[in-house]
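Now for the letters of each chain:
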Amino acid sequence: MICKELKIPIILEKTEALSVRIVKNHPRVPLIEKDLRKRRAGYNGESTIYYHLTFLRDKRYKIFYNVRLPIFSNHFQMDFLILTPFYILIIEVKNISGMVTIDPFIKQLTRTHKGVTEGFVDPVSQVQRYKLLLHKWLITHRIKHPPIEHLVVFSNPSTTLNYTVCPAPDDPYKQIIHAQNVIDKIKELNEKHPIPTVTDKELLKMKRLILKSHHDSDTDILKFHSLTQNDILTGVRCENCQHIPMIRISASWSCSKCNNSSKTAHTKAIQEYFLLMNNHLTNSEIRNFLHLTSRNTAYKLLKSFQLQTQGCTKSVTYSKPTR
């Protein structure tokens, strides 16, 4: 049972918007493109695992994608969380190509791909930290819970996994698998934990608390990449050739580069404004961003969106509803 479904992470949407709005030839473009490739790969890997988990039809499995919970003054985020009356399972997903070598002794993961070797954060140490934090979170909320298990799942079937030292059967590093084996591993956990330790009512309480407590991260993508709003291209982007800006003619947008015409090209531009610039705007701000001169035209375009408003007349602000 899917309790929190797969969605494109907001940080990925922001990075995609930044990649098409960053001023041409900016020195940080290569870093932004690298970050975008990494985030797309991560989401694609999570999509693969999500597909496999959808085969768990039994209602005793309560599946959450991308759960981010507050703990003390920070947050921790899990790729997948599965609740059952018998155990809780945290799944950490890795989409890494090439030959991956895992060293349980020094807790290190290295990848060799196309002749280049590089190190990565040890995923087992990472997921064990999430286990500890989730345990503390549940205890803090006085929630009775079953044992917490973990898996590290590599989503790319071509990835070769090697150990420097073969871990013992009960070693945490033994819980590293490929995506196609995730259902079989869950069946093994079912055999390991045959007796329920929480009731359906207690499980439902845990589910509701997790959904209520989850908060998406709202990263300021410009600050993250050491940019300012001056580094962002304004104007409506052509849906056909990506040229910026399009020109407003009558009730349409016209591209001076490819002659494409569109009545709705501003929709994407306003979405990108919210992703990059601010989570609220005024009529004046959207006129500047879309290169409009008419206050009335800007008002009509904003009215076509499902936006929350605050204030009145010329002081009104428009905000995008929270996800």
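Residues numbered from 1 in each chain as written. Predicted model: local features only at pLDDT ≥ 70, side-chain atom pairs only at ≥ 80, totals over all residues. Heavy atoms only, no water.

Quick look at the sheet that holds strand β14 (residues 280–282)
- Taken in spatial order, the 3 strands line up as β14-β16-β15 in an open sheet, and their pairing is antiparallel. The outermost strands of the open sheet, each flanked by one partner alone, are β14 and β15 (308–310). When the angles between neighbouring strand axes are averaged without regard to direction, this sheet yields 30°.
- The sheet contact formed by β14 and strand β16 (residues 317–319) spans 3 bridges and is antiparallel. When the bridges of β16 are listed, H280 appears paired with S319.
- Lying on the sheet, helix α7 (residues 265–276) is in contact with β14 and β16; it crosses β14 at an angle near 120°.
- Across the sheet, helix α8 (residues 283–290) touches β14 and β16, and the angle it forms with β14 is around 90°. (Pairing = 2+ DSSP bridges. Helix = DSSP H or I, 4+ residues; strand = E, 2+ residues; numbered from the N terminus. Axes fitted to C-alpha atoms, helices over the stretch in contact; angles between N-to-C directions. Contact = heavy atoms within 4.5 Å.)

A closer look at the packing of aromatic side chains
- Per the counting criterion, the structure on display carries 4 aromatic pairs.
- With centroids separated by 5.2 Å and ring planes inclined at 90°, the aromatic side chains of Y51 and F55 adopt a geometry described as edge-to-face.
- Given the relative accessible area of 48%, F55 is considered partly exposed.
- Measuring from centroid to centroid gives 5.2 Å for Y273 and F289, while their planes differ by 80°, and the two rings are edge-to-face. You can see Y273 sitting in helix α7 and its partner F289 sitting in helix α8, a full 16 residues away along the chain. F289 carries the same exposure label as Y273, and that label is buried.
- Site record: aromatic cluster; members linked through ring pairs are Y273, F274 and F289. (Phe/Tyr/Trp six-rings, centres within 6.5 Å; stacked < 30°, edge-to-face > 60°. Buried < 20%, exposed > 50% of the residue type's maximum accessible area, 1.4 Å probe, protein only.)

Concerning the pairing of strand β8 (residues 148–154)
- The element β8 is largely enclosed, with a buried count of 7 among its 7 residues.
- Across the two faces of β8 the burial is the same, with I148, H150, V152 and F154 and E149, L151 and V153 all buried.
- Of the strand pairs in this sheet, strand β4 (residues 88–94) and β8 are connected by 7 bridges, and their pairing is parallel. Counted as the bridge partner of E92 is V152 from β8.
- For β8 and strand β10 (residues 176–178), the ladder comprises 3 bridges, and the chain directions are parallel. Bridge pairing in β10 places V152 opposite I176.

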